[in-house]
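Observations on the three-dimensional arrangement
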Amino acid sequence: MQPYQWIPLLNAVVYTLAALCLKRATTHGVGPWRTTFISNLAMFLAAFPLWFFGEPIESPSALLIPLGVGVAFFVGQLLTCLAIHRGDVSLLTPLLGTKTVFVALIVSFAMGERLEPSVWLGAFLSAIAILLMGGGSTADRGKVTLTIFLGVGSALWFAGADSLVASVGLELGFHTMVAGMFTGVMLCSFGLVPLFKSNMSSISRSTWKWMGAGAVLMAVQAGLMAFVLSTYGKATVVNILYSSRGIWSVLLVWWIGHWFSNEEQWLSRGVLLRRLVGSVLLLAAILSVVG
């Protein structure tokens, strides 16, 4: 199995664990703005040393693309943290699997290629999956709708970032692309500081344990994804494998959600089954795009 195959599969589990840790931190009063800032800071600190490796930068204009990718990634990350804070992880993570369909659409339109029927089939199946996962819950319809809106929006922005990394990453090189990308993410993140409900020192030690674990895991999986995309390309294939996080999110919430004080495990069995079936439908949609 090649690195561009096993790394996304590993990342699927890492991402789900990161989301559960961050969700646990939000139950202690850490809002989405500080959650996003801390997660992005961890990614930036991990990527910053890459500026000192790789090929020298010939012109400042070469940094515009990585910085632009960083802006797209920042918006996607912000929407994800908002969804984690206000929604359900077991619903959000499968929805992020629609990113692969968006990647296929963006790449196809950018290259001027006619869309194959399989792409339209994938989009249709994705729509059915989203409706399926959003139904069956009478507890909080507004919460479900908001999670769907934020999850699909996040997937769209991440798809744009992935498409750019895969298309120009080989030319710019892994070091320049990743370092520039996460520098752009960090620069955008400073705009969140005025929105903080309180300062960082107010976060308790027990909360930092979950926040730190979630931020580090999120940084690890983001860095590995950037490495795979900028080194091997294959954005669609990578995202197909990565979309298995949708199934992991439902299963882990079901099995060990109580470890993270996650209340989604107490959703009715019917709701969780609908979300599991919906995540499988999303995988079918994503596979149809490649087929």
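Only a predicted model underlies this, so the values are computations on that prediction, with no experimental measurement involved. (Residues numbered from 1 in each chain as written. Predicted model: local features only at pLDDT ≥ 70, side-chain atom pairs only at ≥ 80, totals over all residues. Heavy atoms only, no water.)

1. So, helix 8 (residues 174-189)
Owing to its 3.6 residues per turn, the α-helix brings residues three or four apart onto one side. Filter applied, for reference: Labels follow the DSSP assignment, with helices taken as runs of H or I lasting at least four residues and strands as runs of E lasting at least two, numbered in each case from the N terminus. Residue count minus one, scaled by 1.5 Å, sets the expected span of a helix. Any residue under 20% of the maximum accessible area for its type is buried, any over 50% is exposed, and the rest in between are partly exposed; the area is computed with a 1.4 Å probe on protein chains only. Whether two residues touch is decided by their heavy atoms; if any such pair falls within 4.5 Å, the residues are in contact.
A rise of 1.5 Å per residue sets the reference length of helix 8, with its 16 residues, at 22 Å; its end C-alpha atoms lie 22 Å apart and thus fit the reference within 8%. Across the 16 residues of helix 8, twelve count as buried, placing the element largely inside the fold. For helix 8, the set of buried residues is T176, M177, V178, A179, G180, M181, F182, T183, G184, V185, M186 and S189. Elements that come into contact with the buried residues of helix 8 comprise helix 2 (32-47), helix 3 (64-86), helix 7 (141-172) and helix 9 (205-232).

2. Remarks on the nonpolar core
Just so we agree on the cut-off: Buried Ala, Val, Leu, Ile, Met, Phe, Trp, Tyr and Cys residues form a nonpolar core when they are joined through side-chain atoms within 4.5 Å.
Of all hydrophobic cores here, the largest spans 62 residues; its most connected members are M43, F73 and F182. When contributions to this core are tallied by element, the ones reaching two or more residues are helix 1 (3-26), helix 2, helix 3, helix 5 (99-111), helix 7, helix 8, helix 9 and helix 10 (235-242). Ranked by residue count, the leading element in this core is helix 9, at ten residues. With near-sequence residues (within four places) excluded, F73 lies in contact with M43, F158, A161, M181, F182, V185 and A222.

3. Observations regarding helix 9
Between its terminal C-alpha atoms helix 9 stretches 40 Å, which fits the 40 Å expected from 28 residues at 1.5 Å a residue. A positive phi of about 70° marks G233, the residue just after helix 9.

4. Re the packing of aromatic side chains
In plain terms, the rule: Two aromatic rings from Phe, Tyr or Trp, using only the six-membered ring of Trp, form a pair when their centres are within 6.5 Å; if the ring planes differ by under 30 degrees the pair is stacked, by over 60 it is edge-to-face, and anything between is tilted.
Across all of its chains, the model carries ten aromatic pairs by this definition. With a centroid separation of 5.5 Å and 80° between ring planes, the pair formed by F73 and F182 is classed as edge-to-face. Of this pair, F73 sits in helix 3 while F182 sits in helix 8, placing them 109 residues apart in sequence. Of the two residues, F73 and F182, both sit in the buried class. Both rings, one in F227 and one in Y232, keep their centres 6.4 Å apart while their planes meet at 90°; by these two values the pair is edge-to-face. The class for Y232 is partly exposed, based on a relative accessible area of 30%. An aromatic cluster of at least three residues, connected via ring pairs, comprises Y4, F174, F227 and Y232.

5. Observations regarding the side chain of Q77
Tracing the chain through its elements places Q77 in helix 3. The exposure class assigned to Q77 is buried, which follows from its relative accessible area of 2%. Each residue touching Q77, except ones within four places of it in the same chain, is listed here: T36, S39, N40, M43, F158 and M218.

6. Description of the environment of T176
Note that T176 resides in helix 8. Ignoring any residue separated from it by four or fewer positions in sequence, one finds T176 in contact with E55, I57, L63, P66 and M181.

7. With respect to the pattern of salt bridges
Note the following rule: Here, a salt bridge means any side-chain nitrogen of Lys or Arg that lies within 4 Å of a carboxyl oxygen of Asp or Glu.
Going through the model one piece at a time under the given rule, you end up with one salt bridge. D162 serves as the salt-bridge partner of K99, at 2.9 Å between the closest nitrogen and oxygen. Of this pair, K99 sits in helix 5 while D162 sits in helix 7, and the two are 63 residues apart along the sequence. The exposure class assigned to D162 is buried, which follows from its relative accessible area of 9%.

8. Observations regarding the confidence of the model for the protein
Put simply, the rule reads: The predictor reports its confidence for every residue as pLDDT, a score running from 0 up to 100.
With 83% of its residues at a pLDDT of at least 70, the protein reaches an overall mean of 79. Summarising per-element confidence for the protein, the mean pLDDT is lowest in helix 11 (residues 245-256) (68) and highest in helix 8 (91).

9. Focus on a nonpolar patch on the surface
Put simply, the rule reads: Each patch is assembled from residues with relative accessible area greater than 30% and no salt bridge, linking like charges that lie within 9 Å and nonpolar side chains (Val, Leu, Ile, Met, Phe, Trp, Tyr) that lie within 5 Å. We get accessible surface area from the Shrake-Rupley algorithm with a probe of 1.4 Å; when it comes to residues, only the shown protein chains can shield them.
A surface patch of nonpolar side chains, about 420 Å² in accessible area, is lined by M1, W6, L9 and L10. When you line up the elements, W6 lands in helix 1. Classification of W6 as partly exposed rests on a relative accessible area of 41%.

10. Observations concerning the packing of helix 3 against helix 8
Put simply, the rule is: Angles shown run from 0 to 180 degrees and are taken between the N-to-C directions of axes, each axis being a line fitted to C-alpha atoms and, for helices, limited to the stretch in contact. Oblique is the label for any angle not covered by the other classes, which are roughly parallel (under 35 degrees), roughly antiparallel (over 145) and roughly perpendicular (65 to 115). Crossing chirality is assigned from the near helix's rotation relative to the far helix, an anticlockwise turn below a right angle marking it left-handed and a clockwise turn marking it right-handed. In the scheme used here, Gly and all other residues not listed as nonpolar or charged are polar, with Ala, Val, Leu, Ile, Met, Phe, Trp, Tyr, Cys and Pro taken as nonpolar and Asp, Glu, Lys and Arg as charged.
Packing of helix 3 against helix 8 leaves a shortest axis separation of 7 Å and a crossing angle of 50°. When the interaxial angle is binned, helix 3 and helix 8 end up oblique. In terms of crossing hand, the pair formed by helix 3 and helix 8 is right-handed. Together, I65, P66, L67, V69, G70, V71, F73 and F74 of helix 3 and T176, M177, G180, M181, F182, T183, G184, V185, C188 and S189 of helix 8 make up the contact between the two elements. Among the residues making up the contact of helix 3 with helix 8, the classes are represented as twelve nonpolar, six polar and no charged.

11. Brief notes about the side chain of T183
Counting through the fold element by element, T183 comes out in helix 8. In this structure T183 comes out as buried when scored by relative accessible area, which is 17%. Beyond its immediate sequence surroundings of up to four residues, T183 is in contact with F44, W51 and L67.

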